[in-house]
Amino acid sequence: VAERHKKLLLGKVFKATSPNGRFKEGAKHIHDRQLSRIEAIGKNLFYFWGGKGEKNEKREPTVVHIHFGMSGQFKTGEIGQLEPTPNTRLELVNSEHNLVAHLSAMTVKHGDLDFYESKRKSLGQDPLRRDARGDLVWEKFQKSRKSVGMLLMDQSVIAGVGNIYRAEILFKAGIHPEQPGNTLDYESFSRVWNISRDLLHRGFKTGSILTVDPDSNLGPPWTRRYIYNHSSCGVCGSKVKSWDMGGRTCYACLTCQKLNEAIPQERKSKLKLAKEHKPFLSHCAPEPASELNLNSLTVKALKEMLKKHNLSANGRKAELIERLSNCSELKLVKQEEEEREVIDMSSPASAFDAAQEKVKAGEKRNVEHVALVEVDTETQKLATKKKGKIPFRQSKKRRQVRGK
């Protein structure tokens, strides 16, 4: 979102209003002012209005802090293309460039530069940023008795890592999620940090959560992820275990991720409750249709898929699986995925390419919580395909997906 808006919105002056009235005061502060800077830190966006070059240079810049939550959107289009909704907190209009933008988000607050600095200091290092400092993260790991799994999800330590990335980062690093942070040696920490940077950059460029290395030569269903939402490990074949960690589901292959240190009794009790993971139908990071193992899905998940394709959801599990296996639309998606070209890693995926992927994956519109919406003719055509309407919010340039 930030990178795209630096090209599309930065440097322009906008008329600002708050259609639903929930950002009325903030809109007044940025009305008729130039958007001069955009910063992204983890899942937080900061838009700076005013500053040098303004007629009244003594006027303090205004910073707008945005956090999309689970369903926020930042739409852009030509004037007349967008209609405000009850959730539209900010509307930006630039008549000179025939440009309008609508923002809906969980958090939309404004303040001065001190406000920004305060928020910035509360956030950890973002592996996607050029100024990210792994040494500061290392210092926090050394001082903390928290598990590595908890530290990775702590936004004051590392900003931007979600649950799916946590599972895959620690698997690739060969580190058990319950390993206390202060017991990691520097070499192990470096693996965690470097893999975090690599995977988040890969997600930025492709618009997808792709953690499996191209040279791994793993077949389905491990072409995208090694252990997240899998019943067995893509490398050694051992059963994947899952358990609760801070209210989120944690994943690990206990063969590839050995626990080398003693852990608190409370965590031992949680770990004893770890079960062999049974894959669910993930809307956060679904496997392509060509890789879905229908037998591994629950009856509820199978019925959801049948209803999505306007098929009967009655009957026993075997009947549901047979009905889906014969579904022509599902077979068409499989054929399209097999013919898909390899994504060029040299530049971020376009909004249209990302939208295509969402349609083919059958991803629900209310799950991804960071969304760039670009309304244009091609995207509109794609979004109204019979396979399932999706929003125009499809360029996941900073895709931090939480997962189950």
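None of these values were measured; they are calculated from a predicted model. (Residues numbered from 1 in each chain as written. Predicted model: local features only at pLDDT ≥ 70, side-chain atom pairs only at ≥ 80, totals over all residues. Heavy atoms only, no water.)

Asks: I'd like a rundown of the packing of aromatic side chains, residues and numbers included.
Replies: Aromatic ring pairs: the centre-centre distance and the angle between the two ring planes describe each pair. Counted according to the given criterion, the structure contains 10 aromatic pairs. Here the aromatic rings of F48 and Y116 are separated by 4.9 Å at their centres, their planes lie at 70 degrees, and the arrangement is edge-to-face. Here Y116 lies in helix α3 (residues 113–122) and F48 lies in strand β3 (residues 44–49), a separation of 68 residues in the sequence. Overall, F48 belongs to the buried group, its relative accessible area being 3%. The exposure class assigned to Y116 is buried, which follows from its relative accessible area of 4%. Plain terms: the ring middles of Y186 and F189 are 6.3 Å apart, the flat faces sit at 40 degrees to each other, and that makes the pair tilted. Taken together, the residues span about one helical turn, with Y186 and F189 both in helix α7 (residues 186–206) at a distance of 3 residues. Members of the aromatic cluster, joined through ring pairs, are W138, F141, Y186 and F189. The side chain of R37 reaches across the aromatic face of F48, ending 4.1 Å from its centre. (Phe/Tyr/Trp six-rings, centres within 6.5 Å; stacked < 30°, edge-to-face > 60°. Helix = DSSP H or I, 4+ residues; strand = E, 2+ residues; numbered from the N terminus. Buried < 20%, exposed > 50% of the residue type's maximum accessible area, 1.4 Å probe, protein only. Lys NZ or Arg CZ within 6 Å of the ring centre and 35° of its normal.)

Asks: Tell me about unusual backbone geometry, and please be specific about residues and values.
Replies: Note that the residue after P220, namely P221, is joined by a cis bond; omega there is 5 degrees. In this fold, P221 is placed in the loop between α7 and β9 (240–245). Even without glycine at this site, D32 takes up a positive phi of about 60 degrees. Locating D32 in the fold gives a position in the loop between α2 (24–30) and β2 (33–41). Notably, N229 is not glycine yet its phi reads approximately 60 degrees, a positive angle. With respect to the element layout, N229 can be found in the loop between α7 and β9. Here N229 falls in the buried class, since its relative accessible area comes to 12%.

Asks: Hey, could you go over the pairing of β9 for me, with residue numbers and the actual values?
Replies: Inspection of the sheet shows β9 paired to strand β10 (residues 248–253) by 6 bridges, in the antiparallel sense. Bridging from a neighbouring strand, W243 pairs with C250 of β10. The hairpin formed by β9 and β10 contains 2 residues between the paired strands, and G246 there has a positive phi angle of roughly 65 degrees. With 2 bridges connecting them, β9 and strand β11 (residues 275–276) associate as antiparallel partners. Along β11, the bridge assignment pairs S242 with K275. (Pairing = 2+ DSSP bridges.)

Asks: Explain the sheet that holds β11 residue by residue, including any values.
Replies: Across the sheet, which stays open at both edges, the 3 strands sit in the order β10-β9-β11 with antiparallel pairing between neighbours. Here the strands that pair on one side only, and so sit at the sheet edges, are β10 and β11. Against the sheet, helix α6 (residues 163–173) engages β9 and β10, with an angle of about 20 degrees to β10. (Contact = heavy atoms within 4.5 Å. Axes fitted to C-alpha atoms, helices over the stretch in contact; angles between N-to-C directions.)

Asks: Give a description of the pattern of salt bridges that names residues and reports values.
Replies: Summed over all chains, the structure comprises 12 salt bridges. Of the charged contacts in the structure, one is a salt bridge between R129 and E39, with a shortest N-O distance of 2.8 Å. Of this pair, R129 sits in the loop between α3 and α4 (134–143) while E39 sits in strand β2; the two residues are 90 residues apart in sequence, bridging distant segments of the chain. Classification of R129 by relative accessible area gives buried; the value is 14%. The shortest N-O distance in the salt bridge between R129 and D131 comes to 2.9 Å. By relative accessible area, which is 43% here, D131 ends up partly exposed. Salt bridges sharing common partners tie together R37, E39, R129 and D131. (Salt bridge = Lys/Arg side-chain N within 4 Å of Asp/Glu carboxyl O.)

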